[in-house]
Amino acid sequence: LQFGCDDNDGNNEEKEDNEDTNDAMACVTLKKYTDMNCQGAQVSEIVFSTFTKPGSPCYHEPGTEYSVKDQFYNLDSGVFQQKVYPGSTCDESKVPPMEQTYSKNTCLYGYKLGNCYEGACFDKTSNSEEESVTT
């Protein structure tokens, strides 16, 4: 099942790919649930800007045991994807990365894809965080 990325008016419209730029942005919302199977209540949302194609730099959140890279919202399939690496440097020479795909219909580690739209995120309420999410 596929869905289109919501534009700012809330209408689902097909967007033309801009093949001239690799740095097109999308705003992604991940919904966090009380349990790992997303069966409980939604407890928060994480809103962040990401790319629309692979190629994001390595990111490591201090205090975690992993790093992420190639985060992007896939406009064609309607999913958010990223690669997760052990450690802080996105080094895949010893262990290959784990590829994660978040969708509206599939729960992954207590998270589901929420809303999205093409373009970088604008300022949200103080309840939102701009960060990467993995477990």
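The paragraphs below set out a description of the structure included in this document. (Residues numbered from 1 in each chain as written. Predicted model: local features only at pLDDT ≥ 70, side-chain atom pairs only at ≥ 80, totals over all residues. Heavy atoms only, no water.)

Along its length, the chain carries 0 helices and 6 strands. The buried share among the 135 residues of the chain stands at 35%. Long-range contacts, defined here as pairs at least 24 residues apart, represent 50% of the contacts in the chain between residues at least 6 apart. Approximately 8,100 Å² of the chain is accessible, and the part contributed by carbon and sulfur atoms is 43%. (Helix = DSSP H or I, 4+ residues; strand = E, 2+ residues; numbered from the N terminus. Buried < 20%, exposed > 50% of the residue type's maximum accessible area, 1.4 Å probe, protein only. Contact = heavy atoms within 4.5 Å. Areas by Shrake-Rupley, 256 points an atom, 1.4 Å probe, with all protein chains shown as cover.)

Further remarks concern unusual backbone geometry. You will see that C38, though not glycine, has its phi angle at about 60°, which is positive. Tracing the sequence through the fold places C38 in the loop between β1 (25–33) and β2 (42–51). For C38, a relative accessible area of 8% translates into the label buried. Backbone geometry at Y109 places phi at a positive 55°, although glycine is not the residue there. The topology assignment puts Y109 in the loop between β5 (98–102) and β6 (111–118).

What the rule picks out here adds up to 3 disulfides. Residue pairing for C58: its cysteine sulfur links by disulfide to C90, the two sulfurs lying 2.1 Å apart. Between C58 and C90, the S-S torsion sits near 85°, and that sign places the bridge as right-handed. In this pair, C58 is assigned in the loop between β2 and β3 (66–74) and C90 in the loop between β4 (79–86) and β5, connecting sequence segments 32 residues apart. (Disulfide = S-S within 2.5 Å.)

Attention shifts here to the packing of aromatic side chains. Within this structure, the stated rule accounts for 2 aromatic pairs. Summarising the aromatic geometry, the rings of F48 and F80 are spaced 5.2 Å apart at their centres and angled 75° between planes, so their arrangement reads as edge-to-face. Of this pair, F48 sits in strand β2 while F80 sits in strand β4; the two residues are 32 residues apart in sequence, bridging distant segments of the chain. According to the relative accessible area criterion, F80 is buried, its value standing at 0%. An aromatic cluster is built from F48, F80 and Y102, whose rings are joined through pairwise contacts. (Phe/Tyr/Trp six-rings, centres within 6.5 Å; stacked < 30°, edge-to-face > 60°.)

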